[in-house]
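# Tertiary structure, described
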Amino acid sequence: MAIETWETKAQVARDILARSIKKEWLLPLENLPSKTRLNVVSVVKELGVLSTREVTITETDATSLVERMAAGEWTAKEVLIAFAKRATIGHQLLNFATEFMIDEALEDAMRLDEHFKRTGKIIGPLHGVPISVKEMVHFKNRICHTAYVAWVDRIAPEDALLIRALKNAGALFHVRTNEPQTVMHLDCNNNIYGRTLNPYNLNLTPGGSSGGEGASLGFRCAALGIGSDIGGSIRAPAAFCGAYGFRPSMLRNPWKGVSLAGEGQESIRCTLGPLCNSLRDVDLFQNAVLTYEPWEEETSIVPIPWRITPAPTNFVVGIMWDDRVTQLHPPMRRAMEYAAKQLKANGIKVVDWEPYEHARGGRITQALLFPDGGSCIRQAIEDSGEPIMPLSEFALHYAKKMDVRDNWELNAERDRFRDKYQALMKERGIDFILCPTYVGAAAEHGTAHYWLYTSIWNLLDQPGVVFPSGLKVDPILDPIDEDFHPLNEIDKVEQDKYAPEKYVDAPLAYQLVGKHFHDEELVAAAKLIEAAIKK
């Protein structure tokens, strides 16, 4: 009898992926981009592998897709096929998928088209919208392993509550996406599928832990994506891949039906949220989810419907130039300077925001993410014998096992920190904070070590939305800062990683942060701020 190794077990999941790929939609080998080409975003258009109509469909945001299908201009079937073809090519270039679900999605699309033909009406607010989903989210009768080889034999008994809410709204699900080992990296690599790449620069990470989603939305493989975020895992992939991402306040969106090592840890909760191709798609997604009233089943969810909020007036934006722990790489500093200039020129009041003790907040965050000392995560890795990855070790080296009293004391310190931050925003008259998502553009593979530009807001439980700046790294505009003076050793290490030629074409993004449970006001303000910056 053959002895099962971690490799043979991982192969089960790899085989499922291989069988799910529509081979007829793959690029012929002779059409693959040169190995020296790093930016592959425009490959689909250059090769003409999609029709002009299919390209138009895949470059349309979800809100417009629904409008076009409601007008009878496009069918759900043709929209799905366009995105599925692009996703197949995207996976061939970026290795972002863990499983395609195209046949099932096609059946659902045809049912939607039949409903529309019969009634002249769409079935719901997400009628026919193709959505990619991070692998850790459950689909009934499908494996859900969360990038742990030991969990490859786990079969989900039902769809996640979020998936059921979106299906009720008419959404289609055609592909599941990659995540890193432990789902605690701002990178995307594991022992099952390997590394996912960034469509703007293959030498860079798409981010993590929802890195497959970043690649999917960045390459336009889906109209919407579902990621999770406990330390930046929606916002970093969106920023790194030129997409939009929204991390809601904890307990706004349903969580039931997601696999995570350490389930039950409540000091800093993980939350599900969307990656999109426009800010208005955040409203579309959130409204569809919360109209389902998920709190009727998952009782920890706050019973607050999504409120489409009018554009705010007379608000003040605090510009956070850096977090006083690490300073920004030159291109990100240029992007922040451009944003401040544009906001002032367009009548939006901006002031400098002096961050409050982010280093202390980082220490609290590191402790509260792993109150068990990381034992649940280590056990999930060790159960199969798979090797632990360097970024997994990096994340877990902060872990310190606490007793219940230690955890309580840190929870109390967390709450005092939250209250002080909120009080300072009120005292200084700040409504929103505009800040970086990371020290620079997307990191090189295996080098994304600094989380604090995103994880601080998880600790504070302040909602955040990421949107592209429209700028990218330019070696001519963004040379190394020869006058740089580090604040500390971490700052030096992070700045030393920068060399402009490494990051060519990498998109630059902004993160806008709002106040706890003021999610709708945040999204409304972000629309105005994005328009002002890009005017």
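Residues numbered from 1 in each chain as written. Predicted model: local features only at pLDDT ≥ 70, side-chain atom pairs only at ≥ 80, totals over all residues. Heavy atoms only, no water.

Attention now goes to the overall build of the protein chain. Per the secondary structure count, the protein chain includes 18 helices and 11 strands. At 22 Å, the protein chain has a C-alpha radius of gyration in line with the 24 Å of a compact globule built from 535 residues. Across its three principal axes, the protein chain shows a C-alpha extent of roughly 65 × 55 × 55 Å. Considering the protein chain as a whole, with its 535 residues, one finds that 61% of them fall into the buried category. Contacts in the protein chain between residues at least 24 apart in sequence constitute 80% of all its contacts with a sequence separation of at least 6. Surface exposure of the protein chain reaches about 20500 Å², of which carbon and sulfur atoms provide 53%. Of the charged side chains in the protein chain, 59 are positive and 71 negative, and the gap between their average positions amounts to 3 Å. (Helix = DSSP H or I, 4+ residues; strand = E, 2+ residues; numbered from the N terminus. Rg over C-alpha atoms; globule rule 2.2 N^0.38 Å. Buried < 20%, exposed > 50% of the residue type's maximum accessible area, 1.4 Å probe, protein only. Contact = heavy atoms within 4.5 Å. Areas by Shrake-Rupley, 256 points an atom, 1.4 Å probe, with all protein chains shown as cover. Lys, Arg positive; Asp, Glu negative; His and termini not counted. Charge placed at Lys NZ, Arg CZ, Asp CG, Glu CD.)

It is worth spelling out the sheet that holds strand E1 (residues 97–100) at this point. With mixed pairing, the 11 strands of this open sheet are ordered in space as E1-E3-E2-E4-E6-E5-E10-E11-E9-E7-E8. Strand pairing shows two members of the sheet lacking a second neighbour, E1 and strand E8 (349–352), which therefore form its edges. When strand polarity is set aside, the average angle formed by the axes of neighbouring strands in this sheet is 30°. In this structure, strand E7 (residues 316–319) lies alongside E8, joined through 4 bridges in parallel fashion. The partner of Ile319 across the bridge, within E8, is Asp352. (Pairing = 2+ DSSP bridges. Axes fitted to C-alpha atoms, helices over the stretch in contact; angles between N-to-C directions.)

A few words on the nonpolar core. With 176 residues, the main nonpolar core has Leu166, Phe173, Ile226, Ile433, Leu434 and Leu512 as its most contacted residues. With 10 residues, helix H5 (residues 76–94) is the single largest residue contributor to this core. Excluding anything up to four places from it in sequence, Phe173 contacts Met101, Ala105, Ile131, Val133, Phe139, Ile163, Leu166, Lys167 and Ile226. (Core = buried A, V, L, I, M, F, W, Y, C linked by side-chain atoms within 4.5 Å.)

With respect to the secondary-structure elements, His127 resides in the loop between helix H6 (102–119) and strand E2 (130–134). Residue His127 is classed as buried on the basis of its relative accessible area, which comes to 1%.

Turning to helix H7 (residues 161–168), a few remarks are in order. For H7, the set of buried residues is Leu161, Leu162, Ile163, Ala165 and Leu166. Contact partners of the buried residues in H7: E2, strand E3 (172–177), strand E4 (224–229), strand E6 (271–276) and helix H10 (280–291). Taken from the residues just after H7, Gly170 is the one with a positive phi, measuring 100°.

Turning next to the packing of helix H12 (residues 358–369) against helix H15 (residues 404–427). Across the interface, H12 lies against H15 with an axial gap of 10 Å and an inter-helix angle of 145°. Considering only the axes of H12 and H15, their crossing is left-handed. For the pair H12 and H15, contact is made by His358, Arg360, Gly361, Ile364, Ala367 and Leu368 and by Asn407, Leu410, Asn411, Glu413, Arg414, Phe417 and Tyr421, respectively. The residue inventory of the contact of H12 with H15, partitioned by class, reads 6 nonpolar, 4 polar and 3 charged. (Left-handed = near helix turned anticlockwise from the far one by under 90°. Nonpolar A, V, L, I, M, F, W, Y, C, P; charged D, E, K, R; others polar.)

All we've got here are geometric facts, nothing functional implied.
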